[in-house]
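Structural overview for review
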Amino acid sequence: MNITSINPALYSYKNTLDNKTNINNKPFIYPKYNNTLTKDTVSFAARPMQISDFLAQNVSDNMGRFRRLATTYLDILEAVALRLGDDGVSFDRAYCELHPVKSPESYTSKVIRSGSFKVTDAIRATLYVKNPYDLSLLNDKILPEMQKRGYVLAHTDIPHEELIKRGYLTPPGGNLQTAKVYRLPDLDIRLENARENIHQLSSDLRYSISKPQLSGYEDIQMRFIREFDKKKNPVQHELIILFGPNYAHAKQLEYERVYKFIRDFKELRMKFTDETLGSHSQKASRYISLIQQMFRGKVSEKLFLNAKNKDLYDLSDEVPINFSETDIKMFESYFSGLKDRLASCYKEEKNNAKVSESALKQLNSDLRHDRTLIKKIQDNLRETIEYFNHQSGLKETKD
C-alpha cells in the first residue's frame, strides 16, 4: 500500500512537459518522467486524478496526428493483406477502424495501472492469419512486405529473467557472460508449441517466442516504427496477428466480460505481499487467485478454444460455457472470504504501534476504497455469470 503524496513529482513533470513544448514548438506526445525518477515508473496510488487528468489532456491534444498516422498504417496493412491473400492473410478494415488509436481515457488508465509512462499501443491494428503457426509466413513475407513500405520492427529491452521465463537457457549472441538486459526486436510470439518452428525465423528473431496467456489466449504481437522516423522516441504502431474474426470476437467478449473486471484487483490499495502460509495476506491473495482461475477456466479458455476451432480448423462444435449452482456458491464464498481477509489485513496495519494519526486516516480511506472496489468487481462478475448462463439457456432452447 502506497500513501506517499505525488504532488511535487506532478509539478516537476508538468514543468518538464511545458519546457519541451516551448523549446521545440511542437506538441509533446510521449510523456517521459525526467526529474526525480531513476526509471520510467511512478506510483499513482495516492492521488491519481491530478496526473491522469493532465495526461488525458496531453494525449487528447495529439489525437489529430495520431488519427492521421493510424489511417496511413491501416492503408499499409490493407495493401499487405491484399498482396498475401493467397497465403491466408486477411484484413478487416471495419474492425480495425473501431479503435485504431488508444483513447485518452484508455491511455491514462494504462499508465496508472502499470505505473509506467511507456504506452506502446497508442496506434494499433489487427491482421488475420489462417495459420500463424507457420512462422515462415511472418518471417519471409509479412515483415518484408512491411519493410518495403517503410515499417520496421521497433526494439525493446528484455530482462534476462524474462528470457529465462520464456524458456531460453542460452543468452542472445551465445555469450558466456550474461547481461541484465538485452536489446531485441519488439516481437512476441505467444503461440502454443511455437518453438517447434523456431528454425523458420531469422537469427535475430529467435528470442521472440514466449507462451500463450494463462487464459489460453494466443497471438503474435509486434510493434513497428517508421524507418524514416529519426526521432529519439518515434511513434510505435502495434500489430496483433490472430487466427480470424471469430477469435477477434472472442477476444473482445472475454475482455468485456472477464478481463477488465479481473484486472481491477490490481487497483486494490492493500498489497498482499506477506506470503507467510496462513497469514491474512496470503489467504486474501489466494482468494483472488481462485476467483481468477474460476473465470479463466469457466469462460476465457473455452471462448478462445471455440474460436480457434472455428477459424483454424473450421469446426463449428462448441464447448458449452455456463456456471452451475455449485459454481455460484463457490463464487460467493470466495468473495466473502476475500472481504474478511481484507478487513483483517487493515486491522493488522492499524494495530501497528508506529502508525501515525495521518497514516491511520489514510488507512481508513484506503479500506473504504478497497471495499467499494471489491463489491464492484463482484457485481460485475455476477453479471458475467448471468450473461453466459442466459446465453447457454438460449442455445439449449434453440437446439
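Each remark here, short or long, concerns the structure printed above.
Residues numbered from 1 in each chain as written. Predicted model: local features only at pLDDT ≥ 70, side-chain atom pairs only at ≥ 80, totals over all residues. Heavy atoms only, no water.

Turning next to the pairing of strand S8 (residues 237-242). Here S8 lies mainly inside the structure; 6 of its 6 residues are buried. Side chains His237, Leu239 and Ile241 project from S8 onto one buried face, and the interleaved Glu238, Ile240 and Leu242 project onto a second face that is buried too. Sheet topology note: the strand S2 (residues 123-129)/S8 ladder contains 6 bridges and is parallel. Bridging from a neighbouring strand, Leu127 pairs with Ile241 of S8. Here 5 bridges tie strand S7 (residues 219-226) to S8, and the two strands are oriented antiparallel to one another. (Buried < 20%, exposed > 50% of the residue type's maximum accessible area, 1.4 Å probe, protein only. Helix = DSSP H or I, 4+ residues; strand = E, 2+ residues; numbered from the N terminus. Pairing = 2+ DSSP bridges.)

Helix packing for two helices is described by the angle between their axes and how far apart those axes are. Between helix H9 (residues 280-313) and helix H10 (residues 325-350), whose axes approach to 8 Å, the crossing angle comes to 155 degrees. The orientation of H9 with respect to H10, classified from their angle, is roughly antiparallel. Here H9 runs over H10; the crossing is left-handed. Two secondary-structure elements touch here, H9 through His280, Ser281, Lys283, Ala284, Tyr287, Ile288, Leu290, Ile291, Met294, Phe295 and Lys298 and H10 through Asp327, Met330, Phe331, Tyr334, Phe335, Gly337, Leu338, Arg341, Ser344, Cys345 and Glu348. Residue composition of the contact of H9 with H10, by class: 13 nonpolar, 4 polar and 5 charged. (Axes fitted to C-alpha atoms, helices over the stretch in contact; angles between N-to-C directions. Parallel < 35°, antiparallel > 145°, perpendicular 65-115°, else oblique. Left-handed = near helix turned anticlockwise from the far one by under 90°. Contact = heavy atoms within 4.5 Å. Nonpolar A, V, L, I, M, F, W, Y, C, P; charged D, E, K, R; others polar.)

Unlike most non-glycine residues, Asn193 shows phi in positive territory, near 55 degrees. Within the element layout of this structure, Asn193 appears in the loop between strand S6 (187-190) and S7. A positive phi angle is found at Asp314, which is not glycine, with a value near 55 degrees. Within the element layout of this structure, Asp314 appears in the loop between H9 and H10.

Attention now moves to the environment of Thr178. By the secondary structure assignment, Thr178 is in the loop between helix H7 (160-166) and strand S5 (181-185). According to the relative accessible area criterion, Thr178 is partly exposed, its value standing at 41%. In this structure Thr178 touches His160 and Pro171, once residues within four positions along its chain are discounted.

Our focus in this paragraph is the environment of Glu218. Its place among the elements puts Glu218 in the loop between S6 and S7. We classify Glu218 as buried; its relative accessible area is 5%. Between the alpha carbons of Glu218 and Pro132 there is a distance of 9.9 Å; along the sequence they are 86 residues apart. If we skip the residues at most four places from it in the chain, Glu218 touches Tyr133, Arg190, Leu191, Glu192, Pro212, Leu242, Phe243, Tyr247 and Lys308. Here Tyr133 takes part through its side chain, which lies 2.7 Å from a polar atom of the side chain of Glu218. (Polar contact = N/O pair within 3.5 Å; in protein donor to acceptor, adjacent residues only side chain to side chain.)

Quick look at the packing of aromatic side chains now. Enumeration according to the criterion identifies 15 aromatic pairs in this entry. Taking 5.7 Å as the distance between ring centres and 35 degrees as the angle between the ring planes, the aromatic pair formed by Tyr73 and Tyr151 counts as tilted. With a gap of 78 residues between them, Tyr73 in helix H3 (residues 63-83) and Tyr151 in strand S3 (residues 151-153) connect regions that are remote in the sequence. For the pair formed by Tyr73 and Tyr151, the shared burial category is buried. Look at Tyr387 and Phe388: their rings are 5.0 Å apart centre to centre, the planes differ by 85 degrees, and that puts the pair in the edge-to-face class. The exposure class assigned to Phe388 is buried, which follows from its relative accessible area of 5%. In textbook terms, an aromatic cluster arises when at least three aromatic residues are bridged by ring pairs, as seen for Tyr133, Tyr217, Phe243, Tyr247 and Phe304. The residue whose ring lies beneath Arg257 is Tyr387, and the NZ or CZ to ring-centre distance is 3.9 Å. It is Lys298 that lies over the ring of Phe323; its NZ or CZ is 5.9 Å from the centre. (Phe/Tyr/Trp six-rings, centres within 6.5 Å; stacked < 30°, edge-to-face > 60°. Lys NZ or Arg CZ within 6 Å of the ring centre and 35° of its normal.)

The biggest cluster of nonpolar side chains holds 92 residues, and the ones touching the most others in it are Ile189, Met222 and Phe295. Ile189 has contacts with Leu135, Leu138, Ala194, Leu201, Ser208, Ile209, Ser210, Lys211, Asp219 and Ile220, leaving out every residue within four places of it along the chain. (Core = buried A, V, L, I, M, F, W, Y, C linked by side-chain atoms within 4.5 Å.)

Turning our eyes to something else, we now look at a negative patch on the surface. Taken together, the side chains of Asp274, Glu275, Glu348 and Glu349 present a region of like negative charge at the surface. By the element assignment, Asp274 lies in the loop between helix H8 (245-262) and H9. (Patch = residues over 30% accessible without salt bridge, like charges linked within 9 Å, V, L, I, M, F, W, Y side chains within 5 Å. Areas by Shrake-Rupley, 256 points an atom, 1.4 Å probe, with all protein chains shown as cover. Salt bridge = Lys/Arg side-chain N within 4 Å of Asp/Glu carboxyl O. Lys, Arg positive; Asp, Glu negative; His and termini not counted. Charge placed at Lys NZ, Arg CZ, Asp CG, Glu CD.)

This part takes up the side chain of His237. Among the secondary structure elements, His237 is positioned in strand S8. With relative accessibility at 0%, the residue His237 sits in the buried group. A distance of 3.3 Å separates the side chain of His237 from the backbone oxygen of Val235, its partner in a polar contact. In contact with His237, other than residues within four places in its own chain, are Leu69, Tyr73, Ile123, Tyr151, Met222, Arg223, Phe224 and Arg226.

Our focus in this paragraph is the pattern of salt bridges. Using the criterion set out here, one finds 23 salt bridges in the structure. The partner of Asp75 in a salt bridge is Arg93, with the nearest N and O atoms 2.8 Å apart. On the criterion of sequence distance, the pair formed by Asp75 in helix H3 and Arg93 in helix H4 (residues 93-96) is long-range, its members being 18 residues apart. Judged by relative accessible area, Asp75 falls into the partly exposed class, the value being 40%. Through salt bridges that share partners, Asp75, Glu78, Arg93 and Glu97 make up one connected network.

A separate point is helix H6 (residues 135-148). The first and last C-alpha atoms of H6 sit 19 Å apart over 14 residues, in line with the 20 Å expected at 1.5 Å per residue. Taking the largest bend as the criterion, H6 deviates by roughly 25 degrees, centred on Ile142, and proline Pro144 comes between one and four positions later. Among the residues of H6, Leu135, Leu137, Leu138, Asn139, Ile142, Leu143, Glu145 and Met146 are the ones counted as buried. Taken from the residues just after H6, Gly150 is the one with a positive phi, measuring 90 degrees. (Expected span 1.5 Å × (residues − 1). Bend = angle between axes of the 7 residues up to and from the residue.)

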